[in-house]
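# Report on the structure
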Amino acid sequence: MKNYLSFNRNEWAALAPANRVQVSKEELAKVKSLGDVIDLTDVHEIYTTLVGYLHLMFENKRHAQADSMRFLHKTTKTAPFIIGISGSVAVGKSTTARLLQLLLSRTYPDLKIHLMTTDGFLYNNAELAQRNLMPRKGFPESYNMQLLSDFLSDVLAGKEDIVYPLYSQELSDIVPGKYGHVKRPDILIMEGINTLQLPESGQMVTSDFFDFSIYIDAKEDLIESWYMQRFTKIMEMNKNKPDNFYYELANGPRTAALQLAEETWQMVNLVNLREYIAPTKTRASLILHKTTGHVIDRILLRRF
Ligand SMILES: Nc1ncnc2c1ncn2[C@@H]1O[C@H](COP(=O)(O)OP(=O)(O)O)[C@@H](O)[C@H]1O
Ligand SMILES: CC(C)(COP(=O)(O)O)[C@@H](O)C(=O)NCCC(=O)O
């Protein structure tokens, strides 16, 4: 990894700017996905520096855009700063994304920050079944990449109100008739397993639109344990909701449910990680490496 600067926790924490944001345990509790505890020390030792660095990149882009427009004698709306977050299923992308949104908006209250996931650009289950792609959910061909690329073009073009489909992990499907709205944010955080993938043909890809990208990295067996824990938690939370995808699993034999989760990890998500997600790691501007207990132990920042 010659093209990355490497920092351990202490070295990274020492770079934190002075304007530290105060976040309470209660606020952090709202960020956690499913009952996990996020350590306040992570906020101080990892995220304060990260938020400061992202703001520097954000300001650089604003100035560069303004200079360029001045030179060209043009006036144009400022395009949003787009941050992509990538990594395996269950590595902690959405948790990190929510934490970044909270901290960026607390540190810079004048900025409008929108958070979204690329899960909404998966084909819905009926369409996946029709294309024989159900066992390939999450793989590149299971996403409508053209729709995602068109969506990002609209975001950068500064369209006023852009709609996008929403995915529900509890339904395990696209939510019919429900949409998210992007309304000219200053910063857009987009998380998803496919955010750093390259296209099969020459079309634009998500990373072409990113100003900064983060890859969350960890050992496979750790991610597997986080996947299994999350699966169990979602199942427990939905054991009384008959409309839910997890309802029958939660009310049947526990060993069968856990076996299904284990098989899904081994045959779908782990294969996807090895073949399509991990190879995109070295395209990221920053790699956050996690160890046991989601503790970030190394930060790699791309130099070129
Ligand atoms: N920093 C963290 N501390 C504690 N638990 C975490 C942390 N980050 C993620 N988790 C837990 O790990 C699991 C996977 O995280 P999640 O954000 O859902 O992953 P992804 O979006 O990558 O699929 C969830 O149960 C989540 O609560
Ligand atoms: C929707 C996903 C592709 C994305 O997952 P995420 O990174 O949001 O956890 C994934 O949750 C998924 O459905 N994978 C297919 C196999 C499974 O059910 O886990």
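So, how was this worked out
- Residues numbered from 1 in each chain as written.
- Chains lettered and ligands numbered in written order.
- Predicted model: local features only at pLDDT ≥ 70, side-chain atom pairs only at ≥ 80, totals over all residues.
- UniProt positions renumbered as here; feature names shortened; annotations may be inferred.
- Near = placed C-beta within 6 Å.
- Helix = DSSP H or I, 4+ residues; strand = E, 2+ residues; numbered from the N terminus.
- Nonpolar A, V, L, I, M, F, W, Y, C, P; charged D, E, K, R; others polar.
- Buried ≥ 20, exposed ≤ 12 C-beta atoms within 10 Å, placed from the backbone.
- Contact = placed C-beta atoms within 7 Å.

As annotated in an unreviewed UniProt entry, the protein chain is Pantothenate kinase from Lactobacillus amylolyticus DSM 11664. UniProt's Sequence similarities (unreviewed entry) comment on the protein chain is quoted here verbatim: "Belongs to the prokaryotic pantothenate kinase family."

## Here we look at the site of ligand 2
The full set of residues close to ligand 2 is Val89, Ala90, Lys93, Ser94, Thr117, Asp119, Lys137, Gly138, Ile193, Thr264, Val268 and Asn269. In terms of residue count, the dominant contributor to the shell around ligand 2 is helix 10 (residues 254–277) (3 residues). Considered class by class, the residues forming the shell around ligand 2 number 4 nonpolar, 5 polar and 3 charged.

## Quick look at the UniProt feature "binding site: ATP" (unreviewed entry) in the protein chain
UniProt records the feature "binding site: ATP" (unreviewed entry) for Gly87, Ser88, Val89, Ala90, Val91, Gly92, Lys93 and Ser94 in the present numbering. Examined against the element boundaries, Ala90 turns out to sit in the loop between strand 2 (81–87) and helix 4 (93–107). Using a count of 23 C-beta atoms within 10 Å as the deciding quantity, one classes Ala90 as buried. Contact partners of Ala90, with chain neighbours within four places excluded, come to Ile223, Trp226, Tyr227 and Arg230. Its place among the elements puts Gly92 in the loop between strand 2 and helix 4.

## Observations regarding unusual backbone geometry
Even without a glycine there, the phi angle at His73 is positive, about 55°. Mapped onto the fold, His73 is located in the loop between helix 3 (40–71) and strand 2. Judged by the 6 C-beta atoms lying within 10 Å of it, His73 falls in the exposed class. At Asn132, a residue that is not glycine, the phi angle is positive and equals roughly 55°. When you line up the elements, Asn132 lands in the loop between helix 5 (125–130) and helix 6 (145–156).

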